[in-house]
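# Descriptive analysis of the structure
Each chain is listed here by its residues.
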Amino acid sequence: MKKLYTISLLVLCIVTTGCSDWLNVAPSNQVNEENLFSTGNGYRNALNGVYLDLGTSTLYGQNLSWGFMDLIAQYYSPVELNKERVYYQALNYKFEHTDVKSIISSIWSRSYNNIANCNNLINQVSNASPSLFEQGELEKNMIHGEALALRAFIHFEILRMFAPAMMKDDHKAYMPYVDVYPTFVPAYETNEEILKKVVADLKEAKRMLAQCDITEEHREWMAINPRMLGIDLSAGDIAEEDVFFAFRGYRMNYYAITAILARVYFWNGEYELAYNEAKEVLDATYDDDGQKCFSFMEYLELGNNMKDYIVRSDREGGRWRSDIVIRSLNVKCPPMILELKSAETYRYGGGTYVPYHKGFEQQRNTGAGRGVTAGGHTAGQRYRFRAQDRRAD
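Residues numbered from 1 in each chain as written. Predicted model: local features only at pLDDT ≥ 70, side-chain atom pairs only at ≥ 80, totals over all residues. Heavy atoms only, no water.

### Some details on the nonpolar core
Leu202 and Trp221 are the most contacted members of the largest nonpolar core, which has 76 residues in total. It is helix α7 (residues 136-162) that provides the largest number of residues to this core, a total of 13 residues. Discounting residues that sit within four places of it in the chain, Leu202 has contacts with Ala149, Ala152, Ile257, Ile260, Leu261 and Val264. (Core = buried A, V, L, I, M, F, W, Y, C linked by side-chain atoms within 4.5 Å. Buried < 20%, exposed > 50% of the residue type's maximum accessible area, 1.4 Å probe, protein only. Helix = DSSP H or I, 4+ residues; strand = E, 2+ residues; numbered from the N terminus. Contact = heavy atoms within 4.5 Å.)

### Considerations on the layout of surface pockets
Taking a probe equal in size to a water molecule and rolling it over the atoms shows the remaining empty space. Approximately 520 Å³ is the volume found for the second largest pocket. Considering the residues around the second largest pocket, the lining is formed by Tyr51, Leu54, Gly55, Tyr60, Leu150, Phe153, Tyr250, Arg251, Met252, Ala256, Ile260 and Arg263. Taken together, the elements giving at least two residues each to the lining of the second largest pocket come down to α3 (40-54), α7 and α11 (254-267). With three residues, α11 is the largest single contributor of residues to the lining of the second largest pocket. Classifying every residue of the lining of the second largest pocket gives nine nonpolar, one polar and two charged. (1 Å grid on protein atoms, 1.4 Å probe; cavity = no way out; pocket = protein on both sides within 12 Å on 5 of 7 lines; lining within 4 Å. Points joined across faces, edges and corners; volume = space filled by probe spheres on them. Nonpolar A, V, L, I, M, F, W, Y, C, P; charged D, E, K, R; others polar.)

### Observations concerning the pattern of salt bridges
Summed over all chains, the structure comprises 19 salt bridges. Put simply, Glu146 and Arg251 hold a salt bridge, and the shortest N to O gap is 2.8 Å. Here Arg251 lies in the loop between α10 (238-241) and α11 and Glu146 lies in helix α7, a separation of 105 residues in the sequence. The buried category is assigned to Arg251, whose relative accessible area is 12%. A single network of salt bridges, built from pairs that share partners, joins Glu146, Asp213, Arg248 and Arg251. (Salt bridge = Lys/Arg side-chain N within 4 Å of Asp/Glu carboxyl O.)

### Some remarks on helix α12 (residues 271-282)
With 12 residues, α12 should reach 16 Å at 1.5 Å per residue; the first-to-last C-alpha distance of 16 Å fits that figure. For α12, the complete set of buried residues consists of Ala274, Glu277 and Val281. Within α12, the buried residues cover an arc of 70° as seen down the axis, which keeps them to one side. Residues of α12 that are exposed and point more than 90 degrees away from the buried face comprise Glu272 and Tyr275. Lining the buried residues of α12 we find α8 (191-213) and α11. (Expected span 1.5 Å × (residues − 1). Arc of directions from axis to C-beta.)

### A look at the confidence of the model for the protein chain
Within the protein chain, residue pLDDT values average 78, and 68% of them lie at 70 or more. Taken together, the stretch residues 9-29 has pLDDT below 50 and engages in zero contacts with residues farther than four places along the chain or on a different chain. Segment residues 313-393 is flagged for pLDDT under 50; beyond a separation of four residues in sequence, or across chains, it makes 203 contacts in the model. (pLDDT = per-residue confidence, 0-100.)

### Things to note about the packing of aromatic side chains
Applying the stated criterion to the full structure yields 14 aromatic pairs. The structure contains a cluster of three or more aromatic residues connected by ring pairs, namely Trp108, Tyr112, Phe162 and Tyr188. Stacked on the ring of Phe244, the Lys or Arg Arg251 has its end atom at 4.4 Å from the ring centre. (Phe/Tyr/Trp six-rings, centres within 6.5 Å; stacked < 30°, edge-to-face > 60°. Lys NZ or Arg CZ within 6 Å of the ring centre and 35° of its normal.)

### Description of the side chain of Arg219
By secondary structure assignment, the location of Arg219 is in the loop between α8 and α9 (224-229). The residues contacting Arg219, other than those within four sequence positions of it, are Asp213, Ile214, Tyr286, Asp287 and Asp288.

### Quick word on a nonpolar patch on the surface
Judged by side-chain polarity, Trp66, Tyr75 and Tyr76 come together as a nonpolar surface patch covering roughly 360 Å² of accessible area. Relative to the elements of secondary structure, Tyr75 occurs in the loop between α4 (68-72) and α5 (86-91). Overall, the relative accessible area of 60% leaves Tyr75 in the exposed class. (Patch = residues over 30% accessible without salt bridge, like charges linked within 9 Å, V, L, I, M, F, W, Y side chains within 5 Å. Areas by Shrake-Rupley, 256 points an atom, 1.4 Å probe, with all protein chains shown as cover.)

### A look at the side chain of Glu189
Structurally, Glu189 is set in strand β2 (residues 189-190). What makes Glu189 buried here is its relative accessible area of 13%. Among the polar contacts listed, one links the side chain of Glu189 to the backbone nitrogen of Tyr177, at a separation of 3.5 Å. Among the polar contacts listed, one links the side chain of Glu189 to the side chain of Lys197, at a separation of 3.1 Å. (Polar contact = N/O pair within 3.5 Å; in protein donor to acceptor, adjacent residues only side chain to side chain.)

### Quick notes on the environment of Tyr93
Relative to the elements of secondary structure, Tyr93 occurs in the loop between α5 and α6 (98-126). Counting along the chain gives 20 residues from Tyr93 to Ala73, while the straight-line C-alpha distance between them is 9.9 Å. Every residue in contact with Tyr93, bar those within four places of it in the chain, is listed here: Ile72 and Gln74. Within polar-contact distance, the side chain of Tyr93 engages the backbone oxygen of Ile72 at 3.3 Å.

### So, the packing of α8 against α11
Taken N-terminus to C-terminus, the directions of α8 and α11 make an angle of 160°; their axes are 9 Å apart at the nearest point. Taken together, the axis directions place α8 and α11 in an arrangement best described as roughly antiparallel. Viewed along their axes, α8 and α11 form a crossing whose handedness is left-handed. Note on element contacts: α11 touches α8 through Tyr254, Ile257, Thr258, Ile260, Leu261, Val264, Tyr265 and Trp267, opposite Asn191, Leu195, Val198, Val199, Leu202, Lys203, Ala205, Lys206, Leu209, Ala210 and Asp213. Grouping the amino acids of the contact of α8 with α11 by side-chain chemistry returns 14 nonpolar, two polar and three charged. (Axes fitted to C-alpha atoms, helices over the stretch in contact; angles between N-to-C directions. Parallel < 35°, antiparallel > 145°, perpendicular 65-115°, else oblique. Left-handed = near helix turned anticlockwise from the far one by under 90°.)

### Observations concerning the environment of Thr56
Looking at where Thr56 falls in the secondary structure, it is placed in the loop between α3 and α4. By relative accessible area, which is 24% here, Thr56 ends up partly exposed. As a C-alpha pair, Thr56 and Arg110 span 54 residues in sequence and 9.9 Å in three-dimensional space. In contact with Thr56, not counting residues within four places along its chain, are Gly61, Gln62 and Arg110. In this structure the side chain of Thr56 is engaged in a polar contact, spanning 2.7 Å, whose partner is the backbone oxygen of Asp53.

Okay, structure coming up:
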């Protein structure tokens, strides 16, 4: 009996110890909060996580871009939709339909989930030491400012979807503005109260991003090639070595925040303030020659580029050439389709490009700034390019 008791006790000790260890093991695909915010890279990952989630089909990957919102805006023909499917119900404003209600509910809950993640990041980064980040105060301000801007932007989007327009404002409370983490039962607020907080967050975000995107050292980040393709950066620029600082056109940069402020003011009927913010974007320059960051263009100039931007080929005497239109097929290693307005050889990203006919087989581009060669070419036509060894300018 004594022997049996001893064996049972040993088994119990082993089992309880093993269970304790097993219960303390974190899932391999998850990082707890303490570990996440112990390094600068953890803050980057937390910010990137918000952007990634905003791009899912529940939000801007579908419902808030070409999906649900376009349906209720009547951009689709009912003839092309299956009458038994949810999108047909949405097109006909059947908001009480079970599946339509599910979409609406998921937009609301997923949006606030992202706001909660922003709030957690804001809490953490506001108390973090600049020494934790690879680029110190610059990187801390960038992450903090982007998180604030995202929080404001998402709230503004919820307001536009779930509350009356200001012209029809009835001064009732339709949604909460959540700026604390964690939160459980936030109070609902009126349109006016929500907009005040949206503007406050955007202004603070704009102040922080001004220390990153429009300084003398980094304002070239706002030129279209660095902004959209991550190329044509000055030698030694941190964005050349660290992709986190490249491609600012896909993130909440200084001018994106300024443009959102213009939208908020316009929606609120504050037209002079909206004009001032919009004008700042339109007047923005990235060099001492006054080259514009943003410009108007003819729709046909966009060609097949669904991202609605034109990349200029190269600078001549400090000015970007305007006689060549480029479309990126791959952000990291962009092969090009160009529309030539004159039959010449073009420089792009440090390499020399000679066009060849669009009928040729496309070769894999191994990086920006590669030389390309080919046969004859004609102005006004579209051409593909293949990459060869880099040639000296």
